[in-house]
Amino acid sequence: MKIMIIDGQGGRMGSLLTEKTKNAAISDAQIYAIGTNSIATAAMLKAGADYGATGENPVLVNSRDADYIIGPLGIMAADSLLGEVTPAMAVAVGQSSAMKILLPVNKCNHHVVGVSSEYSMSELAEQAVRYLLDCISKKA
């Protein structure tokens, strides 16, 4: 099972997602840390990702066969994450057949109405991993 975690900027969200996904001990899961920059990739690798790569092409290539894509809502919007998400990256994620688990971070001019902003980044990561586990158990 290929779980692709995408993050940018400092990689804080991606490293939390990586750590919590690893701690969930999902059998046969491989975590691919795809950073929009090298700092984000390094943070996710340090948190325990199995593989890591940086930039647009790794997003395009790995979106093709990922089972799950996890990251901030901005990975589906061109020019998000302070311009780190290219239009091609947003299209690749959007067109992927993977289940997308998006964290509703209300930054970078995106606001999801009806979503509480009371959650910490760690709480959002925990919710994302719980949803991932629920999806996996429903497939079994």
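The structure under discussion appears in the preceding block.
Residues numbered from 1 in each chain as written. Predicted model: local features only at pLDDT ≥ 70, side-chain atom pairs only at ≥ 80, totals over all residues. Heavy atoms only, no water.

### Quick notes on the sheet that holds strand S3 (residues 51–54)
Two pairing modes exist for strands in a sheet, parallel and antiparallel, and in both the strands are linked by backbone hydrogen bonds. Rules: By the convention used here, strands pair only if DSSP detects at least 2 bridges between them. Only runs of H or I of at least four residues qualify as helices and only runs of E of at least two qualify as strands under DSSP, and these elements are numbered from the N terminus. To get an axis, a line is fitted to the C-alpha atoms, and for a helix only the part in contact is used. The angle between two axes follows their N-to-C directions and goes from 0 to 180 degrees.
Strand order across the open sheet formed by five strands is S3-S2-S1-S4-S5, with parallel pairing between neighbours. The open sheet has two free edges, formed respectively by S3 and strand S5 (99–103), since each of these has just one partner strand. Each neighbouring strand pair of the sheet contributes to a mean axis angle of 20°, computed without reference to strand direction. Relative to strand S4 (residues 68–72), strand S1 (residues 2–7) runs parallel, the two being bridged by three bridges. Of the residues in S4, the one forming a bridge with Ile5 is Ile70.

### Structural notes on the packing of helix H3 (residues 56–63) against helix H5 (residues 87–95)
When two helices pack together, their arrangement is captured by the angle between the axes and the distance separating the axes. Convention followed: Any angle from 65 to 115 degrees is called roughly perpendicular, while one under 35 is roughly parallel, one over 145 is roughly antiparallel, and all others are oblique. Here is the rule for handedness: rotate from the far helix to the near one, and if that takes an anticlockwise turn smaller than a right angle the crossing is left-handed, while a clockwise turn gives right-handed. The criterion used for residue contact is that any of the two residues' heavy atoms lie within 4.5 Å.
Running from N to C, H3 and H5 point in directions that differ by 15°, and their axes come no closer than 9 Å. Between H3 and H5, the angle falls in the class roughly parallel. Seen along the crossing, H3 lies across H5 with a hand that is left-handed. Contacts from Glu56, Val59, Leu60 and Ser63 of H3 reach H5 at Ala88, Met89, Ala92 and Val93.

### Some details on the pairing of S1
To keep things clear, this is the line we draw: Type-normalised accessible area, obtained with a 1.4 Å probe on protein chains alone, sets the label of each residue: buried when under 20%, exposed when over 50%, and partly exposed for intermediate values. If the strands point away from the viewer and the path from the first strand over the helix to the second runs clockwise, then the crossover is right-handed.
With six of six residues buried, S1 is to be regarded as a mostly interior element. Residue alternation in S1 divides its side chains into two sets, Lys2, Met4 and Ile6 and Ile3, Ile5 and Asp7, and both sets are buried. Across six bridges, the pairing between S1 and strand S2 (residues 30–35) is parallel. Among the inter-strand pairings, Met4 is bridged to a residue of S2, identified as Tyr32. In this fold, the crossover linking S1 to S2 by way of helix H1 (residues 12–23) has right-handed handedness.

### Some words on the environment of Leu81
In this structure, Leu81 sits in helix H4 (residues 80–83). Judged by relative accessible area, Leu81 falls into the buried class, the value being 7%. When the C-alpha positions of Leu81 and Arg130 are compared, they lie 25 Å apart, and in sequence the two are 49 residues distant.

### Observations regarding unusual backbone geometry
It is generally the case that most residues other than glycine have a negative phi and that most peptide bonds are trans. Even without being a glycine, Asp79 presents a positive backbone phi close to 70°. Its place among the elements puts Asp79 in the loop between S4 and H4. Not every positive phi belongs to a glycine, and Leu81 is a case in point at roughly 50°.

### Section: the side chain of Thr21
For Thr21, the location among the structural elements is in helix H1. Thr21 gets classed as buried once you look at its relative accessible area, which sits at 2%. Leave out the neighbours within four places in its chain, and Thr21 touches Ile3, Ile5, Ile26, Ile31, Val129 and Leu132.

### A short note on the nonpolar core
Quick note on the threshold: By convention a nonpolar core is built from buried Ala, Val, Leu, Ile, Met, Phe, Trp, Tyr and Cys residues, the set being connected through side-chain atoms within 4.5 Å.
Formed by 22 residues in total, the largest nonpolar core has its most connected members in Ile3, Ile5, Leu17, Tyr68, Ile70, Leu103 and Leu132. The element contributing the most residues to this core is helix H6 (residues 121–139), with seven residues. Dropping the residues within four chain positions of it, Ile5 is found in contact with Gly14, Leu17, Thr18, Thr21, Ile31, Tyr32, Ala33, Ile34, Met44 and Ile70. Counting 14 residues, the second largest nonpolar core, distinct from the first, contains Met4, Ile6, Tyr32 and Ile34.

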